[in-house]
Amino acid sequence: MKKQIVALGMLLYCMQSIGCSNNNDYEKIKEKQNENEFTMQSLVSKGEGGYYCTERGDTFIYYLDQNSMEPIVLCGKAECSHDSKECNGVVEGLTPESLQYIDEKIYYIANSSGKMTLNKMDSDGKNHEMILELYDTPSGAYIDPASIIHKGYLYYILTEIDASTDTDFSKIYRVKIENGVKPELILDGEGCYFGDLVAKDEYLYIKKDMDNKEGDYSVKGELIQMSTDSLEMKTLFSYDGENYCTGFTIAEQSLLCCIREKGIISVDLKDLSIKEYNEKKEENEDGLTISYDGKYVYEDNQLECLQDSLENNNESAYANRTVFVRDLNGMLVDKISLDGADDSIFYGDSSYLFFKTDRKIGIYDKSQIGTGKSELKYISMSKDGKASGSK
């Protein structure tokens, strides 16, 4: 179950780093990201005046103007047919979830000539440049999509699979985004699986599961707080059995965690006290992933739909796909129907919610929240670099 929920990772292992950039990316990123949470796991990243997006299995990067929300290939070359690597919007071996806009640069991970590399480009698609060269991993290892750029460091989870026992073993590394720096192992799971990784201020927050067999939903684990300075760790709370943690997020000074079949708990990050977040659950509000956009908390029942689909072979399981919108006090504000959407939600900024389905990126205008409307717009991507919008 767990391996089917987690997006397919990339085969890479940071054995050493070779600096290829003359710019001090570390200082620039640290300055820009001083007080915020940043992640490299979205197909959509907010930039100045619009959004940068891509598609799994694609090599193109698109730009969406925030007013028209119509996509164009991020190229800018006159008469470009967008069908070769000479196109600025084409990135061979692109890892879609790695796309991240920071300070007029787009950072991304790509497979170049058999090696994984961390790269950057200008926001208009020009000047592609390799920052760090990341070497391939042994067979059976992959980088989890939960990778974060925070205060000048790239943090990532490397998971290896023991094929003989079907067991996951995770490790967390970090590497300073600077010339000649090698990755540092900061946490060895020693037989455990790290499923989520979030950074906030001076801390990392990590979901640590003891590995379980496929189809076994009884999970033992804990949520950990780690100092990015001293690397000292503290367990916020533990879970055991079928009431396990399915996902968590940071909302202001609280950590909100979804507990299977129980609801959401809130951990105060100042005194680490624990309380219920939402006292009353809605129908189908279970098996949730969760996120926060600065105003509302979004609970997505994707995992519930996925389990129904796998266990009952229910082809219509995703007809009940719903995002529950709540305020910081846990009060229900709205419910957004995503009928049929069977892939990840990317919550974006305060204006739009992005989700993925059938080689399309779906868009929900958040100005509809509280009105009871769930009008969705879909953007279709194509291999020739063209895209079209529809409702």
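Parameters at a glance
- Residues numbered from 1 in each chain as written.
- Predicted model: local features only at pLDDT ≥ 70, side-chain atom pairs only at ≥ 80, totals over all residues.
- Heavy atoms only, no water.
- Phe/Tyr/Trp six-rings, centres within 6.5 Å; stacked < 30°, edge-to-face > 60°.
- Helix = DSSP H or I, 4+ residues; strand = E, 2+ residues; numbered from the N terminus.
- Buried < 20%, exposed > 50% of the residue type's maximum accessible area, 1.4 Å probe, protein only.
- Lys NZ or Arg CZ within 6 Å of the ring centre and 35° of its normal.
- Core = buried A, V, L, I, M, F, W, Y, C linked by side-chain atoms within 4.5 Å.
- Contact = heavy atoms within 4.5 Å.
- Pairing = 2+ DSSP bridges.
- pLDDT = per-residue confidence, 0-100.
- Axes fitted to C-alpha atoms, helices over the stretch in contact; angles between N-to-C directions.
- Salt bridge = Lys/Arg side-chain N within 4 Å of Asp/Glu carboxyl O.

Let us look at the packing of aromatic side chains. In this structure the tally under the stated criterion is 10 aromatic pairs. Aromatic side chains Tyr52 and Tyr63 sit 5.2 Å apart centroid to centroid with 55° between the ring planes, which places their arrangement in the tilted category. Of this pair, Tyr52 sits in strand 2 (residues 50-53) while Tyr63 is found in strand 3 (residues 62-65), placing the two residues 11 residues apart along the sequence. Each of the two residues, Tyr52 as well as Tyr63, counts as buried. Between Phe60 and Tyr62 the ring centres are 6.3 Å apart and the planes differ by 50°, which places this aromatic pair in the tilted class. Among the aromatic residues, those joined into a ring-pair cluster are Tyr51, Tyr352 and Phe354. The cationic tip of Arg174 hangs over the ring face of Tyr153; the distance from NZ or CZ to the ring centre is 5.0 Å.

Another point: the nonpolar core. If you look at the biggest cluster of nonpolar residues, it comprises 17 residues, and the most contacted ones within it are Tyr205, Phe237, Phe248, Leu255 and Cys257. Contributions of two or more residues to this core are made by strand 17 (233-239), strand 18 (245-251), strand 19 (254-259) and strand 20 (263-268). Ignoring any residue separated from it by four or fewer positions in sequence, one finds Phe248 in contact with Asp196, Val198, Tyr205, Ile206, Lys207, Leu223, Leu255, Leu256, Cys257 and Ile290. Grouped together as the second largest cluster of nonpolar side chains are 16 residues, Tyr62, Leu64, Val73 and Ile361 included.

Here we come to unusual backbone geometry. Positive phi outside glycine occurs at Asp103, with the angle close to 50°. Looking at the element boundaries, Asp103 is found in the loop between strand 5 (94-102) and strand 6 (105-112). For Asp103, a relative accessible area of 33% translates into the label partly exposed. Residue Leu272 is not a glycine yet carries a positive backbone phi of 65°.

Turning next to helix 3 (residues 302-312). If you check which residues of helix 3 are buried, you get Gln302, Leu303, Cys305, Leu306 and Gln307. Positive backbone phi, approximately 50°, marks Asn313, located one or two places after helix 3.

The buried count for strand 20 comes to five of six residues, which makes it a mostly enclosed element. Here strand 19 folds back onto strand 20, and the loop between the two strands holds three residues, one of which, Glu261, carries a positive phi near 65°. As judged from the three bridges shared by strand 20 and strand 21 (residues 274-276), these two strands associate in the antiparallel manner. Each bridged residue has a counterpart across the sheet, and for Val267 the counterpart in strand 21 is Ile274.

With 76% of its residues at a pLDDT of at least 70, the protein chain reaches an overall mean of 77. Considering each helix and strand of the protein chain separately, the mean pLDDT is smallest for helix 1 (residues 2-5), with a value of 38, and largest for strand 16 (residues 221-227), with 92. Between residues 383-391, whose pLDDT stays under 50, and residues either more than four places distant or in other chains, the model counts 31 contacts.

Moving on: the sheet that holds strand 22 (residues 289-292). On the basis of which strands lie adjacent, the open sheet formed by four strands has the order 22-23-24-25 and antiparallel pairing. The two strands at the open ends of the sheet, each matched to only one other strand, are strand 22 and strand 25 (332-337). Ignoring which end each strand starts from, the neighbouring axes of this sheet average 20° apart.

All chains considered together, the criterion is met by 12 salt bridges. With a shortest N-O distance of 4.0 Å, Lys207 and Asp196 are connected by a salt bridge. Taken together, the residues span a long stretch of sequence, with Lys207 in strand 15 (residues 203-210) and Asp196 in strand 14 (residues 192-200) at a distance of 11 residues. When its relative accessible area of 5% is taken as the criterion, Lys207 is described as buried. Given a relative accessible area of 24%, Asp196 falls into the partly exposed group. Arg326 is the salt-bridge partner of Glu285, the closest N and O atoms lying 3.1 Å from each other. Of this pair, Glu285 sits in the loop between strand 21 and strand 22 while Arg326 sits in strand 24 (residues 322-326), and the two are 41 residues apart along the sequence. Taken individually, Glu285 and Arg326 each receive the classification buried, so the pair is uniform in this respect.

Before going further, it helps to spend a moment on the pairing of strand 2. As paired strands, strand 1 (residues 44-47) and strand 2 are joined by four bridges and run antiparallel to one another. Looking across to strand 2, one finds that Val44 is bridged to Cys53. Following strand 1, the chain reverses through two residues before pairing antiparallel with strand 2; Gly49 in that reversal takes a positive phi of roughly 80°. Note that strand 2 and strand 3 share four bridges and pair antiparallel. What sits directly across from Tyr51, in strand 3, is Leu64.

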